[in-house]
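Structural features, examined
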Amino acid sequence: MQNDEIPPLSGWSEAELDQAFAAVALEVEDSAAALRSPEQFRLQWLGRKQGRLKAISDSWLKSAPADARKAIGQRFNTLKAEIERRLELADSASPHDALDAEAVDITLPGTQRKLGAEHPLIRTWNEIVSVFQRMGYSVGAGPEVETDYYNFESLNFPPGHPARDTQDTLVIAGQERKPLRDRLLMRTHTSPVQIRTMEQQPPPVRIVIPGKVHRNDAADATHYPIFHQVEGLCVDANITFGDLKGTLDFAMKAFFGSSVRTRFFPSFFPFTEPSADVQISCPFCGGSGCRKCKQSGWIELLGCGMVDPAVFGLVQGKQPGYDPKKVSGFAFGMGIDRIAMMKYGIGDIGLLYSGDLRFLEQFV
Ligand code: PHE
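Model, not experiment: these values are computed from the prediction. (Residues numbered from 1 in each chain as written. Predicted model: local features only at pLDDT ≥ 70, side-chain atom pairs only at ≥ 80, totals over all residues. Heavy atoms only, no water.)

1. Some thoughts on the overall build of the protein chain
Each helix and strand counted, the protein chain has 13 helices and nine strands in total. Taken over C-alpha atoms, the radius of gyration comes to 42 Å for the protein chain, far larger than the 21 Å a tight globule of 364 residues would show. Along the three orthogonal principal directions, the C-alpha set of the protein chain runs to about 120 × 55 × 40 Å. Considering the protein chain as a whole, with its 364 residues, one finds that 41% of them fall into the buried category. Of the contacts formed within the protein chain by residues at least 6 apart in sequence, a portion of 67% connects residues at least 24 apart. Accessible area for the protein chain stands at about 20,200 Å²; split by element, carbon and sulfur atoms hold 53% of it. For the protein chain, the distance from the average site of its 40 positive side-chain charges to the average site of its 45 negative ones is 6 Å. (Helix = DSSP H or I, 4+ residues; strand = E, 2+ residues; numbered from the N terminus. Rg over C-alpha atoms; globule rule 2.2 N^0.38 Å. Buried < 20%, exposed > 50% of the residue type's maximum accessible area, 1.4 Å probe, protein only. Contact = heavy atoms within 4.5 Å. Areas by Shrake-Rupley, 256 points an atom, 1.4 Å probe, with all protein chains shown as cover. Lys, Arg positive; Asp, Glu negative; His and termini not counted. Charge placed at Lys NZ, Arg CZ, Asp CG, Glu CD.)

2. Topic: the side chain of S281
Along the chain, S281 falls in strand β7 (residues 272–281). Those residues in contact with S281 that lie beyond four places of it in its chain are S259, V260, R261, G297 and W298.

3. Observations concerning the pairing of strand β9 (residues 328–335)
In terms of burial, β9 is a largely internal element, six of the eight residues being buried. Of the pairings in the sheet, the one linking strand β5 (residues 226–236) to β9 comprises eight bridges and is antiparallel in character. Within the sheet, the bridge partner assigned to C234 lies in β9 and is F330. Sheet analysis places strand β8 (residues 298–307) next to β9, joined by five bridges and oriented antiparallel. Across the sheet, M306 pairs through a bridge with F330, a residue of β9. (Pairing = 2+ DSSP bridges.)

4. Side note on the domain arrangement of the protein chain
Here the domain parsing of the protein chain yields domain 1 (14–102) and domain 2 (120–363). Relative to domain 2, the C-alpha centre of domain 1 lies at a distance of 85 Å. (Domains from an automatic or database assignment.)

5. As for the sheet that holds strand β4 (residues 205–214)
Ordered in space as β1-β4-β5-β9-β8-β7-β6, the seven strands form an open sheet in which the pairing is mixed. Each edge of the sheet is formed by a strand with only one pairing partner; in this case those strands are β1 (138–139) and β6 (262–269). Set on the sheet, helix α9 (residues 241–256) makes contact with β6, β7, β8 and β9; between it and β8 the angle comes to about 145°. (Axes fitted to C-alpha atoms, helices over the stretch in contact; angles between N-to-C directions.)

6. Some remarks on the environment of D249
Checked against the element boundaries, D249 lands in helix α9. In this structure, the C-alpha to C-alpha distance between D249 and D356, residues 107 residues apart in sequence, is 35 Å.

7. Considering the site of the ligand
Around the ligand sit 15 residues, and of these H189, S191, R215, Q229 and E231 come closest. Residue H189 places a side-chain N or O atom 2.9 Å away from a nitrogen atom belonging to the ligand. The side chain of R215 places a nitrogen or oxygen atom 3.1 Å from an oxygen atom of the ligand. When isolated, the ligand has an accessible area of 330 Å², and the protein chains bury 91% of it. When contributions to the shell around the ligand are tallied by element, the ones reaching two or more residues are β5, β8 and β9. (Near = heavy atom within 4 Å. Polar contact = N/O pair within 3.5 Å; in protein donor to acceptor, adjacent residues only side chain to side chain.)

8. Regarding the pattern of salt bridges
Following the criterion strictly, the structure yields 17 salt bridges and no others. Between D148 and R164 there is a salt bridge, with its nearest N and O atoms 2.9 Å apart. Placement of D148 in helix α7 (residues 148–151) and of R164 in the loop between α7 and β3 (184–186) is noted, with a sequence separation of 16 residues between them. Using a relative accessible area of 5% as the deciding quantity, one classes D148 as buried. A salt bridge links D236 to R206, with the shortest nitrogen-to-oxygen separation between them at 3.5 Å. Taken as a pair, D236 in strand β5 and R206 in strand β4 lie far apart in primary sequence, 30 residues in all. One network of salt bridges, in which partners are shared, links E14, D18 and R75. (Salt bridge = Lys/Arg side-chain N within 4 Å of Asp/Glu carboxyl O.)

9. Quick word on helix α10 (residues 309–316)
All of the buried residues along α10 are V311, F312 and V315. For α10, the angular spread of the buried residues around the axis is 100°, confining them to a single face. Buried positions along α10 lie against α8 (192–200), β5, β8 and β9. Capping the start of α10, D308 holds a side-chain oxygen 2.9 Å from the backbone nitrogen of A310, two or three residues further along. (Arc of directions from axis to C-beta.)

10. Notes on the environment of G116
Inspection of the secondary structure puts G116 in the loop between α5 (95–102) and α6 (120–134). On a C-alpha basis, the gap between G116 and P225 in space is 26 Å, while along the polypeptide they are 109 residues apart.

11. Overview of unusual backbone geometry
Between P203 and P204 the backbone carries a cis peptide bond, its omega angle lying at 5°. Relative to the elements of secondary structure, P204 occurs in the loop between α8 and β4. Here the amide bond leading from E273 into P274 is cis, since omega sits at -5°, within 30 degrees of zero. Within the secondary structure, P274 sits in strand β7. Although it is not a glycine, K294 adopts a positive phi angle of roughly 50°. The topology assignment puts K294 in the loop between β7 and β8. Classification of K294 by relative accessible area gives exposed; the value is 75%. Its identity as a non-glycine residue notwithstanding, Q295 has a phi of 65°, on the positive side.

Written as structure tokens, this is what we have:
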């Protein structure tokens, strides 16, 4: 029927009109199924000069008596809407047009992503750790929320010991009914991981433990309630203070440069005996005195000492290899923040925690 002339209407009754329009609707359906492109379908049905819809209108509407026009017009509009609906469907399904919609203009500039960078604190953390890894040390970790036992008692700070006052502690509230040793606090140093490590493994031990620590310190240019330490522990038969000095001297030279010298001063920590504070010759002025070393030529960097036999004694119950008559060891602890600040010339510790892009962008 498609290419045929439009047959004249056989009459204008509702039934005759319905029949005639139903035949055209079938024709629309057939041609939509056979259709090669939406454009072809559109021309065939809606073409202004040769479209079949125009022919139908010419043949059926114009010749109709006035009182049949309304009924024909309504059916005509329904038919037209149906043709348009099919055309819209065909349009959206056309692969060509779908590609057009997704097309990318490759001449536009791309989305710029800013390159991130390692935070100066983390960079320093990794550099310190890798110096010790190269000496055969393993790397450990421990909890930031610690018990009083691991943070203090096992490190030979008994309850009420004045050395506890040197580490202003943030304790978790509401634990008054627990025995003191089980109460939780934010660890004030990484040293509790010394004990945790020894309880887990027999000697020999060579380990560094980097991590976050907390103290109830008011923030100023050199203090912040959060900072970071790297703990070191070495336990074996016949470990001497000479090993401690050699190890730290080597590590400081590896980290700051081979011309850096170290010196050790007597100090006190409950868990090491003897204990020492370590200074390095100022890596910036070579020891002649500058602003960074406050004109002294030396910078104090870490605490250390030989593991106190009393500490081994406490571990021995859980790991029998730590007989203080058979093994000895040394431990050290250094502040990562301080070293990062010195290395990168950062005047205020708070900048490390500010998240301020103007600060961070300097390290990209
Ligand atoms: N934990 C000590 C502090 O935070 C440092 C230290 C570690 C000293 C290991 C001796 C041995 O002050």
